[in-house]
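As a plain string of letters, each chain reads:
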Amino acid sequence: MGTSLRRKLILSALGLSAVLVPALTIPWFGARRLPGTRSSTNLPAPYLFPPGFLWGTATAAYQIEDTQDDDWAAFERDVVAHHRVEHRAPGQAQPGHIHKLTDFSEEVRLKKTDFDARIESDLAMAAAMKHSSYRFSISWSRLFPRQEMTEPDPAGIAYYQRIFAALDQHRLKPAVTLFHFVSPSWFWQEQGGKRGWERADALLHFERFVAAVVKHFGGRAELWCTLNEPMVYAYAGYLDGTFPPLEKRSGPPALVPVLSQLLRAHALAYRLLKEDAARRGKPVQVGIAQHVRAFQPLRNHHPLDRLTAQIIDQAFVWDFLDALHSGQLRSKVMNVDLSIPGLAGTQDYVGLNYYGRFYVKSNLLRPTKFEVLMHDPNNVAEDKPNELGWASYPEGFRLALLKAHQRYHLPLYVLENGTADSKLEDSDRQRLLVEHLREMYLAQQQGVDVRGYFHWSLFDNFEWAEGFTARFGLTHIDYQNHFHRTPRPSAALYTRIIENNGLDAALLSQYGPWPQP
Ligand code: FCB
């Protein structure tokens, strides 16, 4: 490194410290790492939710259904053909790799959970577990396996009719997702040098898909989720290279073409669903599922950790939701201020997926080269990292619900929450359920209008770059033994909670003592 460059770096570091060090003394500066993991408010038991509260599980088409001709299917085939199988510890996906994919048979890789053969019995199982709702996604490529199609494939429609019929039969209220990470492989053929969402005709094709869903299934569901975790999709697909299209672009501003298309896709789906509902005289609630993490500084004494954590939180969690609210994608990190017609106010509820805390460790000399740690290696006892290394942080759940409520004043649905616990005796999942539902109750007592909770997931399934090794199911699937299902103890615990519509005193004391104020 040349002397002048070194001098410049030292000067800029000094300059930065001159701003940041005094700022550290300002209490509101940056995010703060909070001690402990569970809220210290204790209210008299039981902790109950309002009548009509939705209790269910969430799934997604690609993760549970027979594999279609999708971008993810092409990725999986490529991983197998070129042995890009990840063998390191779970939670460390390498770009272009899938964890231990070839440890599972081709039958498992193609059938995922064998849900296609078991729709009726799996949904009967959810009903027997007393669930009142079920979140699933509709596969775009099942409806439009070929690009030139203007009408959906009748076999695809029939497939989802089977699901809706089983849900009706068991009085499970459908909650339907339109885009959950996966698109048809034809969507990735280059057109004018662009692929996927950036193609000039991307929205036309998406509109065709949504119109078909609305025509055939409008009126069958009240709760609709247009997009699942758009920021995770964009980050993993275009910066990290761990999801198709496996790109590693230069930085957050390069996500704008994709994110702005997703916002337009959401706006058009919102409009189609609302117009259809108005025609039918049946209400619908339309929103998205946003991935929320509690981003906190690894070191509270480090001003740049605090500042970076705050900036990431705004960019990763709130910028996209703010855009649905204001109609404007405005982001410092992405260097964008873009108005999108028809977008403002296209959120009837805020949908949150919550999985815990991430710690931000900054780099003073290269502020854009910060690290995000899934748990603090010096705080393992409290973080209780799960099998993917994710830190459990129930209090962050309450804080996220509260912040979403204060920001948008809308009803909230928890569209995903859960953990990777593969054990047949899944004590971590059981604890997670009780701890998070307690926080959800405390949020409700602070005025948050939470209307439903969907646990991820009904059974083990294909966990993207983590393959089949990460297991999130209330129900265990034996992939070596014809996809045999065995409910874990958490399934019965969840049933008990649903039957009480909340947490009873015995359960609260079993998982206590809780922190005191
Ligand atoms: C979320 C995804 C969902 C599942 C869970 C564990 O980010 O929306 O499909 O993979 O994580």
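Residues numbered from 1 in each chain as written. Predicted model: local features only at pLDDT ≥ 70, side-chain atom pairs only at ≥ 80, totals over all residues. Heavy atoms only, no water.

*Asks:* Give me the lowdown on the overall build of the chain, citing residues and values where you can.
*Replies:* If you tally the helices and strands in the chain, you get 16 helices and 17 strands. Here the chain has a C-alpha radius of gyration of 23 Å; the compact-globule value for 517 residues is 24 Å, and the two agree. If you line up the chain on its principal axes, its C-alpha atoms span 70 × 65 × 50 Å. The 517 residues of the chain split such that 59% are buried. The contacts in the chain between residues at least 6 apart in sequence include a share of 75% that link residues at least 24 apart. For the chain, the computed accessible surface area is about 20400 Å², with 55% contributed by carbon and sulfur atoms. (Helix = DSSP H or I, 4+ residues; strand = E, 2+ residues; numbered from the N terminus. Rg over C-alpha atoms; globule rule 2.2 N^0.38 Å. Buried < 20%, exposed > 50% of the residue type's maximum accessible area, 1.4 Å probe, protein only. Contact = heavy atoms within 4.5 Å. Areas by Shrake-Rupley, 256 points an atom, 1.4 Å probe, with all protein chains shown as cover.)

*Asks:* Any chance you could break down helix H5 (residues 115-128) for me, citing the residues and the numbers?
*Replies:* One turn of an α-helix holds 3.6 residues; hence residues three or four places apart share an orientation. Between its first and last C-alpha, H5 extends only 17 Å over 14 residues, short of the 20 Å set by a 1.5 Å rise per residue. Of all bends in H5, the biggest is about 40°, found at Ser121. Every buried residue of H5 is listed here: Phe115, Asp116, Ile119, Asp122, Leu123, Met125, Ala126 and Ala127. Phi turns positive, to about 75°, at Lys130, one or two residues after H5. (Expected span 1.5 Å × (residues − 1). Bend = angle between axes of the 7 residues up to and from the residue.)

*Asks:* Describe in detail unusual backbone geometry, supporting the description with residues and values.
*Replies:* For residues other than glycine, phi is negative in most cases, and the peptide bonds are mostly trans. Going from Pro244 to Pro245, the amide bond is cis rather than trans, its omega being 10°. Here Pro245 lies in the loop between helix H9 (230-240) and helix H10 (256-280). Unlike most non-glycine residues, Lys130 shows phi in positive territory, near 75°. With respect to the helices and strands, the residue Lys130 is situated in the loop between H5 and strand S5 (133-137). Backbone geometry at Trp464 places phi at a positive 50°, although glycine is not the residue there. The topology assignment puts Trp464 in the loop between strand S14 (450-455) and strand S15 (475-478).

*Asks:* Give me the lowdown on the site of the ligand, citing residues and values where you can.
*Replies:* Surrounding the ligand, one finds Gln63, His180, Asn228, Glu229, His291, Tyr355, Glu416, Trp456, Glu463, Trp464 and Phe472. Here an oxygen atom of the ligand and a side-chain polar atom of Gln63 are 2.8 Å apart. Trp464 is positioned such that a nitrogen or oxygen atom in its side chain is 3.0 Å from an oxygen atom of the ligand. Against a free-state accessible area of 290 Å², the protein chains account for coverage of 96% of the ligand. Across the shell around the ligand, the residue classes break down as four nonpolar, four polar and three charged. (Near = heavy atom within 4 Å. Polar contact = N/O pair within 3.5 Å; in protein donor to acceptor, adjacent residues only side chain to side chain. Nonpolar A, V, L, I, M, F, W, Y, C, P; charged D, E, K, R; others polar.)

*Asks:* Go over the packing of H9 against H10 with me, naming the residues and quoting the values.
*Replies:* When two helices pack together, their arrangement is given by the angle between the helix axes and by the axis-to-axis distance. Between H9 and H10, the shortest axis-to-axis distance is 10 Å and the interhelical angle comes to 150°. In terms of their interaxial angle, H9 and H10 are classed as roughly antiparallel. Considering only the axes of H9 and H10, their crossing is right-handed. On H10, the residues touching Pro230, Met231, Tyr233, Ala234 and Tyr238 of H9 are Val258, Leu259 and Leu262. (Axes fitted to C-alpha atoms, helices over the stretch in contact; angles between N-to-C directions. Parallel < 35°, antiparallel > 145°, perpendicular 65-115°, else oblique. Left-handed = near helix turned anticlockwise from the far one by under 90°.)

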